[in-house]
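As a plain string of letters, each chain reads:
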Amino acid sequence: MKCLMDLGLFMIRAVIGLLMIGHAGKMLFGLFGGGGLLKTADFFESIGIRPGVFMAISAGLLELIGGLLFAAGLWIQVGAVLLIIPMVVAIAKFHGANGIWGEKNGYEYNLVLIITLIGIAFTGAGEISIDALLK
């Protein structure tokens, strides 16, 4: 049973961490059809997040570093916090005004991520993680 729990924690960490790394790649480098740094900066400026370039780099780095830490299970609480910060900003500056439901650009997805990140931070990374290897 413990083995399955550790596998489940690894699966959650891997999917969230890798998707956040991918999202950072879209924002910073235009990977996976993303707009890249300048388009992200322009969007940030349009919703009042200034200065756009600095904030786009900051958000991208939070997602990149947080995603790497979270997926690897290294300093899991730090990784979770780094990923929670841009989700809270996204809710405060864009999604929150649209209500909860995702089809209306609401904060449903961000909320699920935040709660999952907090839950894993409280639970720990599990045995399939760098944190476990460092014990």
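Up top you'll find the structure we're talking about.
Keep in mind that this is a model prediction, so the values were computed, not measured.

Chemist: Hey, could you run me through unusual backbone geometry in this one?
Modeler: Only a minority of non-glycine residues have a phi that is not negative, and only a minority of peptide bonds are not trans. The omega torsion across Arg50 and Pro51 is -5°, close enough to zero to call that bond cis. Along the chain, Pro51 falls in the loop between helix H2 (36–46) and helix H3 (52–72). For Trp75, which is not a glycine, the phi torsion comes out positive at approximately 50°. Topologically, Trp75 is positioned in the loop between H3 and helix H4 (76–95).

Chemist: Looking at this structure, how should I read the side chain of Ser129?
Modeler: Along the chain, Ser129 turns up in the loop between helix H5 (108–123) and helix H6 (130–133). Residue Ser129 is classed as buried on the basis of its relative accessible area, which comes to 6%. Within polar-contact distance, the side chain of Ser129 engages the backbone nitrogen of Ala132 at 3.1 Å. When neighbours within four sequence positions are excluded, Ser129 is seen to be in contact with Arg13, Ala72 and Gly73.

Chemist: What is the right way to read H5 from this model?
Modeler: Helical geometry: 3.6 residues make up each α-helical turn, so side chains three or four residues apart lie on a common side. Taking 1.5 Å per residue, 16 residues should reach 22 Å; H5 reaches 22 Å between its end C-alpha atoms and fits that length. Residues of H5 that are buried include every one of Asn110, Leu113, Ile114, Leu117, Ile120 and Ala121, and no others. Here the buried residues of H5 occupy an arc of 135° about the axis, which is enough to place them on one side. Exposed residues on H5 whose side chains face more than 90 degrees from its buried face are Val112, Ile115, Phe122 and Thr123. Each element contacted by the buried residues of H5 is listed here: helix H1 (2–29), H3 and H4. With its phi angle positive at about 105°, Gly124 sits one or two positions after the end of H5.

Chemist: Honestly, the nonpolar core in this entry has me stumped. Any pointers?
Modeler: Side chains that are nonpolar tend, in soluble globular proteins, to be buried together. With 15 residues, the main nonpolar core has Ile16, Met20, Phe70, Leu83 and Leu117 as its most contacted residues. In this structure, Ile16 is in contact with Phe70, Leu83, Leu113, Thr116 and Leu117, ignoring residues within four places of it in sequence. Grouped together as the second largest cluster of nonpolar side chains are six residues, Met27, Phe44, Ile49 and Ala59 included.

Cut-offs used in this document
Residues numbered from 1 in each chain as written. Predicted model: local features only at pLDDT ≥ 70, side-chain atom pairs only at ≥ 80, totals over all residues. Heavy atoms only, no water. Helix = DSSP H or I, 4+ residues; strand = E, 2+ residues; numbered from the N terminus. Buried < 20%, exposed > 50% of the residue type's maximum accessible area, 1.4 Å probe, protein only. Polar contact = N/O pair within 3.5 Å; in protein donor to acceptor, adjacent residues only side chain to side chain. Contact = heavy atoms within 4.5 Å. Expected span 1.5 Å × (residues − 1). Arc of directions from axis to C-beta. Core = buried A, V, L, I, M, F, W, Y, C linked by side-chain atoms within 4.5 Å.

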